Amino acid sequence: MRHKGVKKEETRLKMLKAAGQEFRAHGYAGIGVNGLAKAAGVTSGAFYSHFGSKDGAFDVALATGLDEVLEAVPKYQKEHGGEWVTAFAEYYLGKRHRRDLAGGCAMAALTSEVVRSKPKVHAAFEQKMSQIADLVARGLAGGSGENRRSRAWAMLGVLIGGINVARAMKSGRVADEIAAAITAAAIEAAGPTADI
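Residues numbered from 1 in each chain as written. Predicted model: local features only at pLDDT ≥ 70, side-chain atom pairs only at ≥ 80, totals over all residues. Heavy atoms only, no water.

Could you give an account of the packing of helix H7 (residues 106–115) against helix H9 (residues 145–168), with specific residues and numbers?
With their axes 9 Å apart at the nearest point, H7 and H9 run at an angle of 85° to one another. The pairing of H7 with H9 is recorded here as roughly perpendicular in orientation. Across the interface between the two elements, Met107, Ala108 and Thr111 of H7 pack against Leu156, Ile160, Ile163, Asn164 and Arg167 of H9. In terms of residue class, the contact of H7 with H9 is built from five nonpolar, two polar and one charged. (Axes fitted to C-alpha atoms, helices over the stretch in contact; angles between N-to-C directions. Helix = DSSP H or I, 4+ residues; strand = E, 2+ residues; numbered from the N terminus. Parallel < 35°, antiparallel > 145°, perpendicular 65-115°, else oblique. Contact = heavy atoms within 4.5 Å. Nonpolar A, V, L, I, M, F, W, Y, C, P; charged D, E, K, R; others polar.)

How would you summarise the nonpolar core if you had to cite specific residues and measurements?
Counting 57 residues, the largest nonpolar core has Phe23, Trp84, Tyr92, Met107, Ile132, Val136 and Met155 as its most contacted members. With nine residues, the top contributor of residues to this core is helix H4 (residues 54–80). (Core = buried A, V, L, I, M, F, W, Y, C linked by side-chain atoms within 4.5 Å. Buried < 20%, exposed > 50% of the residue type's maximum accessible area, 1.4 Å probe, protein only.)

Outline the packing of aromatic side chains, listing residues and values.
The final tally for this structure, using the stated rule, is eight aromatic pairs. Ring geometry for Phe23 and Phe58: centres 5.3 Å apart, planes at 85°, overall edge-to-face. Here Phe23 is found in helix H1 (residues 4–26), whereas its partner Phe58 is found in helix H4, with 35 residues between them in sequence. By relative accessible area, Phe23 is classed as buried at 0%. By the ring-pair criterion, three or more aromatic residues cluster together here, those being Tyr76, Trp84, Phe88, Tyr91 and Tyr92. It is Lys54 that lies over the ring of Tyr28; its NZ or CZ is 4.1 Å from the centre. (Phe/Tyr/Trp six-rings, centres within 6.5 Å; stacked < 30°, edge-to-face > 60°. Lys NZ or Arg CZ within 6 Å of the ring centre and 35° of its normal.)

Put into structure tokens, the structure is as follows:
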């Protein structure tokens, strides 16, 4: 017999995954609570009981999506050593990631949603993004800590903006051209890397 607490946690995780995918794929305004609940295979009432509101679901989906990046950056640094920025940028602008809007990076898919959000969402986003920038900076070499953090922000900004421009293109050829240029620009913006 399955414990009720386990079932409740499984349902919450299923709803969280669905919310993250649906907000990334459709944007905040493009999906309602009924659509989020349907994607998770639950009732709207169950959705409300877990998240309280659509805003609550967005807040949790955003935080969880940025936590994925916080986990990914150290993995890239450990697995790829001094080549981690190249590996990360090539993945980020790769066709598979570009085409997977629902499962792609929350930084790229949800930043424009944060821009239109309330100040508390801006604050939460800034806190997580600052942690991401610090992780990126730790994987860079040369210069002062301030210089490495500046290069980290430049790299992140190039990647986030670049993938959105590439995704917006109709032509696969143009999207590939943009992706190649943005990958190179992100690597250049990062500068020397540390072998962690």
